[in-house]
Every structure is written in C-alpha cells, then in structure tokens.
Amino acid sequence: MIVPLRKRKKEGDLYKRFPDIEKRLGELDLLSKEDLVDRCKLPKGHSLHVPSECVLYFVRRSSAAKDDVLFGQLFKVIAERIRRALPRAENPDGVTVSFTRSQIYEQVYDKIVTLLIEERAGYVERLDFFEISFNGGLAKLKLDAQDKAWKEENRNTELEADEDSGEIAAEVETAAGSYDPFAPDVLDDYIYRSRLAAAMDELSPLQRRIIEMWSKGIQIDSKDPDAVTIAKSLRKSEKTIRTHRDLALDRLRKLLTGGGK
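Here's a quick rundown of the structure. Everything numeric in this text was worked out from a predicted model, so none of it was measured.

## Some details on the overall build of the chain
And step 1. The secondary structure content of the chain amounts to 13 helices and 0 strands.
And step 2. Walking the chain from its N terminus toward its C terminus, one meets helices and strands in the order α-α-α-α-α-α-α-α-α-α-α-α-α.
And step 3. Out of the 261 residues belonging to the chain, those deemed buried represent 43%.
And step 4. The contacts in the chain between residues at least 6 apart in sequence include a share of 63% that link residues at least 24 apart.
And step 5. Of the roughly 15000 Å² of accessible surface on the chain, a fraction of 52% belongs to carbon and sulfur atoms.

Printed below as a string of structure tokens:
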C-alpha cells in the first residue's frame, strides 16, 4: 500500500500526488529492493526512468522503516539528482567560481539534504511538497537562495568599496593578530572541533569560504599566474580577501574565546 501524504491544505483536505506518480509508485512497490535501486539509477531519457518524486517517496519510506541499507542507496541517487539540477559554481575558465551560483548551490543542497536527514528522527511535512513536484520544490529553494545570495553579494560589494580606505582592516588586524583557530593542538579536542564548526556557521558565506580555503593552505594571492589563489577563485581583490579574513578570524576568536584579547 502506498502511504498517502500528510500535509493538509488550508481547507483541511490532504494534498495528493499526481495520478501518474501514484500509478508508478504502485508498480515500483512490487519490485525487490535490489531491482528498485537499479531502476532508480536509470538515467533520464531511459524508458524506465523513475521520476524524482518516486525516488523521494522510497527514500522517505526506507527512512521511516529504519532500513539503513536501502536508505543509503536511494539517498545517493536523490542527492546526485539534486546536484545535477543546481547551477554549477565554477566559471567557464575552470579556475574561478561564481559567488552567487556557489551560494545557491550550497544553500539549496544543504537545505533539502538537511530535511532528509531530519526525517530520520521524525516526519518532516515540508518534504510532502517535493513528492508532489520535486522540480517545483527545488525551484522555490533556488529562488530563496538566489535572493539571499544577491543581498550578500551587494553587501560585500558595499563593504569592499568602504575598504578602499583600509579602515575596516585596521580595526580588526590587531585583534585577529596571529590567532589560528585551526592550530593542531586545539583541533585534537572533539568538543573544540564541534564549537569551531558552530562558529564557522556564524560567518557570512564569503568569509566562511575564505577561511575554509585559507585553513587548507591556499594562498590569498600570488605573482604566479598559474597558481590557485583565494583572490582568483573568489574573484575578489587581495585587499578584500585579507580584510574579510581578518574580520572572520576576529569573529571566530570572540566566539571561541569568549571575546577575550
């Protein structure tokens, strides 16, 4: 039996899947787990291609049934479909990335994957909409993420203009100093790593990306035209990257040390 949706309309009626999706679900439900996974992996354009709404249904049902093996297999399928439906962050040059597209990708992917993970603990009503229209749900998330990314891009553009005087960098350079939140001796502590992850989430998307790249040893800038740098990847000036790095380090220092100098 195919489990009905639980989300209700304002009038009180339950939302329903489209008839063709309900029919496909009934057919797929008769397959063995192995055949179901194989069918869901078939590419778009194949005569037996499974709609994403159906894949999502079985992801949720396997989650509710605590079938970790089936959940893991189908989760990979739906996650890959989400990735393919989102705009690529990389620019055509293969070196730099688009800040806006990068933020849309991260926010949408993280949001829907988080909803799927949350449902491991209990029913998440919002996912019902994606079973009705998977692409429609993604489109809504993309629009929301696009608005946030544009606002962030505009905010950073305004900040960059102010940075021409160097005043912002001067305020935080001393405070940030040589503070390194990724020092090996503190990263050995599991509790600290958890706090660091939470603190990173408090940074703006641009600052978080800068710190992530900086922590991996990527240079801010280089005279070598072939070198991979933060400035080149994010298409920002060296001065902007350094200022945001210092702002981010100062923010992390305050969050992780209680604001002490």
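## Examining the layout of surface pockets
And step 1. In this model, the largest pocket occupies a volume close to 260 Å³.
And step 2. Lining the largest pocket we find Lys 44, His 49, Pro 51, Ser 52, Glu 53, Arg 81, Arg 84, Ala 85, Phe 134, Asn 135 and Leu 138.
And step 3. Among the elements of the structure, α3 (52-64), α4 (68-85) and α7 (134-162) are those that each provide at least two residues to the lining of the largest pocket.
And step 4. Of the residues belonging to the lining of the largest pocket, the class tally is 4 nonpolar, 3 polar and 4 charged.

## A look at the packing of aromatic side chains
And step 1. One pass over the structure, following the stated rule, counts 4 aromatic pairs.
And step 2. Arranged with centres 6.2 Å apart and planes meeting at 65 degrees, the rings of Phe 130 and Phe 134 form a pair that is edge-to-face.
And step 3. Classification of Phe 130 as buried rests on a relative accessible area of 2%.
And step 4. Overall, Phe 134 belongs to the buried group, its relative accessible area being 2%.
And step 5. Three or more aromatic residues joined by ring pairs make a cluster, and in this case those are Phe 129, Phe 130 and Phe 134.
And step 6. Looking at Arg 6, its charged tip hangs above the ring of Tyr 123, at a distance of 3.7 Å from the centre.
And step 7. Over the ring of Tyr 57 we find Arg 61, and its NZ or CZ is 4.9 Å from the ring centre.

## Considerations on the packing of helix α1 (residues 19-28) against α3
And step 1. Direction vectors running N to C along α1 and α3 enclose 50 degrees, while the axes themselves pass 10 Å from each other. Classified by the angle between their axes, α1 and α3 sit oblique to one another. Our pair here, α1 against α3, has a crossing hand that is right-handed. Of α3, the residues touching α1 (which contributes Ile 21, Arg 24, Leu 25 and Leu 28) are Glu 53, Cys 54, Tyr 57 and Phe 58.

## Comments concerning the state of the cysteines
And step 1. Taken as a whole, this structure holds 0 disulfides when the rule is applied.
And step 2. Between Cys 40, a free cysteine, and Cys 54, which holds the nearest cysteine sulfur, the sulfur-to-sulfur gap is 8.0 Å.

## With respect to the packing of α3 against α4
And step 1. As a packed pair, α3 and α4 sit with axes 9 Å apart at the nearest point and diverge in direction by 145 degrees. Handedness of the crossing formed by α3 with α4: left-handed. Across the interface between the two elements, Ser 52, Val 55, Leu 56, Phe 58, Val 59, Ser 62 and Ser 63 of α3 pack against Leu 70, Phe 71, Leu 74, Phe 75, Val 77, Ile 78 and Arg 81 of α4.
And step 2. Classifying every residue of the contact of α3 with α4 gives 10 nonpolar, 3 polar and 1 charged.

## With respect to the pattern of salt bridges
And step 1. Enumeration over the complete set of coordinates arrives at 18 salt bridges.
And step 2. A salt bridge links Arg 17 to Glu 22, with the nearest nitrogen and oxygen atoms 3.0 Å apart.
And step 3. On the basis of relative accessibility, which here comes to 6%, the residue Arg 17 falls in the buried class.
And step 4. Take Glu 22: its relative accessible area is 30%, and that puts it in the partly exposed class.
And step 5. In this structure, Lys 254 and Asp 250 form a salt bridge, with 3.3 Å as the shortest nitrogen-oxygen distance. Of the two residues, Lys 254 and Asp 250 are both situated in helix α13 (residues 238-257); the distance of 4 residues between them amounts to about one turn of the helix.

## Section: helix α2 (residues 33-40)
And step 1. Restricting attention to buried positions, one finds in α2 the residues Leu 36, Val 37 and Cys 40. For α2, the angular spread of buried residues about the axis comes to 95 degrees, placing them on one side.
And step 2. Where α2 is buried, its residues contact α1, α3 and α4.

Cut-off values and rules
Residues numbered from 1 in each chain as written. Predicted model: local features only at pLDDT ≥ 70, side-chain atom pairs only at ≥ 80, totals over all residues. Heavy atoms only, no water. Helix = DSSP H or I, 4+ residues; strand = E, 2+ residues; numbered from the N terminus. Buried < 20%, exposed > 50% of the residue type's maximum accessible area, 1.4 Å probe, protein only. Contact = heavy atoms within 4.5 Å. Areas by Shrake-Rupley, 256 points an atom, 1.4 Å probe, with all protein chains shown as cover. 1 Å grid on protein atoms, 1.4 Å probe; cavity = no way out; pocket = protein on both sides within 12 Å on 5 of 7 lines; lining within 4 Å. Points joined across faces, edges and corners; volume = space filled by probe spheres on them. Nonpolar A, V, L, I, M, F, W, Y, C, P; charged D, E, K, R; others polar. Phe/Tyr/Trp six-rings, centres within 6.5 Å; stacked < 30°, edge-to-face > 60°. Lys NZ or Arg CZ within 6 Å of the ring centre and 35° of its normal. Axes fitted to C-alpha atoms, helices over the stretch in contact; angles between N-to-C directions. Parallel < 35°, antiparallel > 145°, perpendicular 65-115°, else oblique. Left-handed = near helix turned anticlockwise from the far one by under 90°. Disulfide = S-S within 2.5 Å. Salt bridge = Lys/Arg side-chain N within 4 Å of Asp/Glu carboxyl O. Arc of directions from axis to C-beta.

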